[in-house]
Amino acid sequence: MLMAVGFSLMYATARFFNVAHGIIFTSAAYTVFLLTSHIGLPLFVASVIALALSGLIGCLLELSIYRPLRRRSASALILLISSLGIYIALQNVISLAFGDDTKTIRPGMPRQGIAILGANMTTVQVLTVWVSVVLGIGLAVFLKKTKMGKSIRAVSNDRSLAELSGIESDRVFLVTFAIASVLAALAGILVSLDVDMTPTMGMAALMMAVVAVIIGGIGSIPGTALGALLLATAQHFGIWKVGSHWREAITFVILLAFLLFRPQGFFGKKVRKAAV
Amino acid sequence: MNVTRIVVLLTLAIVLAVGSIVGCKKDKDREEIVLPTVVDQTGPIALYGKWAVNGMTMAVEEINKNGGIKGHKLRLVLEDGQSNPQIGVNAFQRLLSLYHPPVILVATNTSTIMACAPIANEKQVVLFTPIASGPNVTHAGDFVFRNRVSGYYEAAEMASFAIHGLGLTRVGLAVINNEAGPGYIEAFAKVFQAQGRKITETVLLDPGVTDYRTQVLKVRESNPEGVFLALTAKEAGTFIKQSEEIGFRPRWLSMTTVQSEEMLKTAGKAAEGLIFVAEGGDDGDPEYRDFALRYARRFASKPAMNALNGYDAVHLLAPLLAKEGASGPKVRDVLYNTRNFRGVGGNLSFDENGDARKPLMLMVVKSGKFVRLK
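Residues numbered from 1 in each chain as written. Chains lettered and ligands numbered in written order. Predicted model: local features only at pLDDT ≥ 70, side-chain atom pairs only at ≥ 80, totals over all residues. Heavy atoms only, no water.

### Re the packing of aromatic side chains
Using the criterion set out here, one finds 20 aromatic pairs over all chains in the structure. Between Phe7 of chain A and Phe17 of chain A, the ring centres sit 5.2 Å apart and the planes meet at 65°, which makes this aromatic pair edge-to-face. With Phe7 of chain A in helix α1 (residues 2-14) and Phe17 of chain A in the loop between α1 and α2 (21-38), the pair connects residues that are 10 residues apart, well separated along the chain. Aromatic pair Tyr152 of chain B and Tyr153 of chain B: ring centres 6.1 Å apart, planes at 80°, arrangement edge-to-face. Take Tyr152 of chain B: its relative accessible area is 22%, and that puts it in the partly exposed class. Taken together through their ring pairs, the aromatic side chains of Phe128, Phe145, Tyr336 and Phe350 of chain B make up a single cluster. The ring of Tyr153 of chain B is capped by Arg357 of chain B, whose NZ or CZ atom sits 4.2 Å from the centre of that ring. (Phe/Tyr/Trp six-rings, centres within 6.5 Å; stacked < 30°, edge-to-face > 60°. Helix = DSSP H or I, 4+ residues; strand = E, 2+ residues; numbered from the N terminus. Buried < 20%, exposed > 50% of the residue type's maximum accessible area, 1.4 Å probe, protein only. Lys NZ or Arg CZ within 6 Å of the ring centre and 35° of its normal.)

### Let's talk about the packing of helix α7 (residues 213-221) of chain B against helix α8 (residues 233-245) of chain B
All names here are of chain B. α8 packs onto α7 with a crossing angle of 65° between their chain directions and a minimal axis gap of 9 Å. Relative to α8, the element α7 lies roughly perpendicular. Remark: the crossing between α7 and α8 carries right-handed chirality. Counting all contacts with α7, which are made through Arg213, Gln215, Val216 and Val219, the residues of α8 involved are Phe239, Lys241, Gln242, Ser243 and Glu245. Classifying every residue of the contact of α7 with α8 gives three nonpolar, three polar and three charged. (Axes fitted to C-alpha atoms, helices over the stretch in contact; angles between N-to-C directions. Parallel < 35°, antiparallel > 145°, perpendicular 65-115°, else oblique. Left-handed = near helix turned anticlockwise from the far one by under 90°. Contact = heavy atoms within 4.5 Å. Nonpolar A, V, L, I, M, F, W, Y, C, P; charged D, E, K, R; others polar.)

### As for the sheet that holds strand β11 (residues 341-343) of chain B
All names here are of chain B. Overall, antiparallel pairing links the three strands, which are arranged β11-β12-β13 in an open sheet. The open sheet has two free edges, formed respectively by β11 and β13 (356-357), since each of these has just one partner strand. Bridge analysis of β11 against strand β12 (residues 346-350) gives three bridges, and the strand direction is antiparallel. By the bridge assignment, Arg342 is partnered in β12 with Asn347. (Pairing = 2+ DSSP bridges.)

In structure tokens, the structure reads:
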């Protein structure tokens with residue numbers, strides 16, 4: 001959900017498919033691995049540093065690549081391709097630096113989880129749920145109540161109009177990329193604590209996040225959360241009833257159904273062409 | 001100078017440059033004997049590929065240190081299969097057209113082997129794999145060989161031990177969801193169910209996925225006494241770990257594929273007591289012990305089965321390459337007649353399908369280490 005919310009925010013504002021969002025997810029986990037296993041920092045401190053670094057990387061990508069391309073009137077396709085290049089390059093750097101085998105940042109041995117309403121949930125899973133809920137609510141409040149949040153909503157609605165109103169869209173993009181990158185980084189760290197990490201884990205997470213965003217409605221945080229919940233439930237129900245080989249098919253059938261019958265998603269806004 | 005003239009001169013220059021490079025390469029090839037190899041250096045089983053390359057590299061260095069093959073240096077040429085059959089096939093064909101070898105080593109997953117096998121059979125080039133255990137490789141063709149024991153025999157051995165050694169009557173199966181999966185299921189079920197025992201549930205696990213909790217729950221609900229894992233090390237470790245998290249602790253059974261530090265790192269103490277059928281080095285064999293020591297000095301780790309097989313594969317094949325008029329059919333005939341080749345991974349013979357016949361042993365995870373089951 002964190003990954004999806006970050007992607008939704010970024011897409012709503014910058015209007016392009018940022019594939020590099022997936023490598024932020026991966027690089028944060030490996031940063032924590034580097035800081036804990038090679039430098040010996042405590043997990044919490046390493047995580048905070050990784051989050052800060054990821055926010056900076058997001059800003060750096062915006063300043064050094066996306067903004068110059070936007071200034072040259074680059075299309076969304078050009079921005080997508082550039083972000084894909086960034087993803088491939090950084091993934092291979094991670095592979096070269098750390099190897100392709102599974103790395104772990106789990107502190108300690110696998111343990112039986114806590115029984116909650118008949119299910120066993122590990123500490124990491126409980127933490128993930130709480131963090132997602134708190135940050136989701138926090139982000140919604142930020143977007144609704146703060147000046148920057150309103151600026152982000154204004155730019156995502158209509159950039160030209162926002163600029164005419166005196167909003168610096170470049171600054172808005174910078175803040176959006178920073179927030180989205182921190183959310184992706186947090187998702188990467190929490191997922192790695194749960195299921196360990198490999199250099200290729202970012203793309204799968206990104207694809208699921210994108211589907212959740214489309215189902216939920218671009219720009220809607222409650223919609224994205226609902227989309228993520230629906231997707232995960234459908235996938236696991238499908239595995240239970242039919243088999244794991246149908247997992248991806250189920251995902252894309254749901255996506256197709258929404259694109260055909262409700263393209264705006266659960267809570268997205270239906271856009272009509274203005275008749276003159 | 002007009003444009004046409006410039007284009008013609010540029011084209012000639014490029015052709016001459018490429019020709020001289022190819023010529024130099026051919027001169028280099030005449031001095032060396034090349035052993036072309038497709039290996040998964042990236043992708044989900046990159047670690048297995050890396051181990052195989054470690055073993056092969058050690059073998060090549062030893063051969064060259066001892067004067068090479070009839071005075072010619074042996075050189076390993078590696079192409080990355082990326083655990084992707086399409087890329088693996090392209091790499092195989094590229095090596096075939098560049099070097100016209102009698103044999104190509106293919107240290108990749110079973111899917112890539114099966115994709116390359118028709119080409120190997122058509123072009124009459126031996127495809128030799130040190131790591132693929134998929135049961136379907138047995139029938140991949142006349143020119144396909146492996147010194148890795150088929151997972152079919154390992155699964156059958158494990159089923160037999162589950163009955164006679166452990167007295168289990170209800171077992172669940174967690175199997176990799178690829179071409180090899182059905183073969184493992186068939187091999188285990190054929191032995192286990194023939195004795196009137198029950199396979200309580202069979203779940204398929206997609207390679208590369210990290211959340212198997214639904215499948216774990218499904219198996220748990222079927223109430224098995226044991227679970228047979230026909231999975232790679234990473235998947236097996238993840239399955240065991242996620243089973244521990246919900247308090248599911250059956251008797252764990254598996255195959256050689258789990259014998260890796262990666263599995264132990266992922267599963268931790270939850271893997272204690274895991275029993276698996278293994279091929280590989282015997283600590284009682286002085287040749288294996290010597291190899292393990294040299295490997296540890298070079299790579300700072302104990303050699304996994306893929307390293308042993310890669311090492312043995314090069315030592316088995318290198319002398320065949322040196323023979324006058326070495327060709328795919330000739331190498332094939334020699335391999336079919338190979339009996340008790342003394343390798344560090346055990347005494348090796350090939351059956352009528354090109355499958356390895358080697359002694360298997362039972363291993364167990366005890367105090368975080370792989371030890372022979374007594």
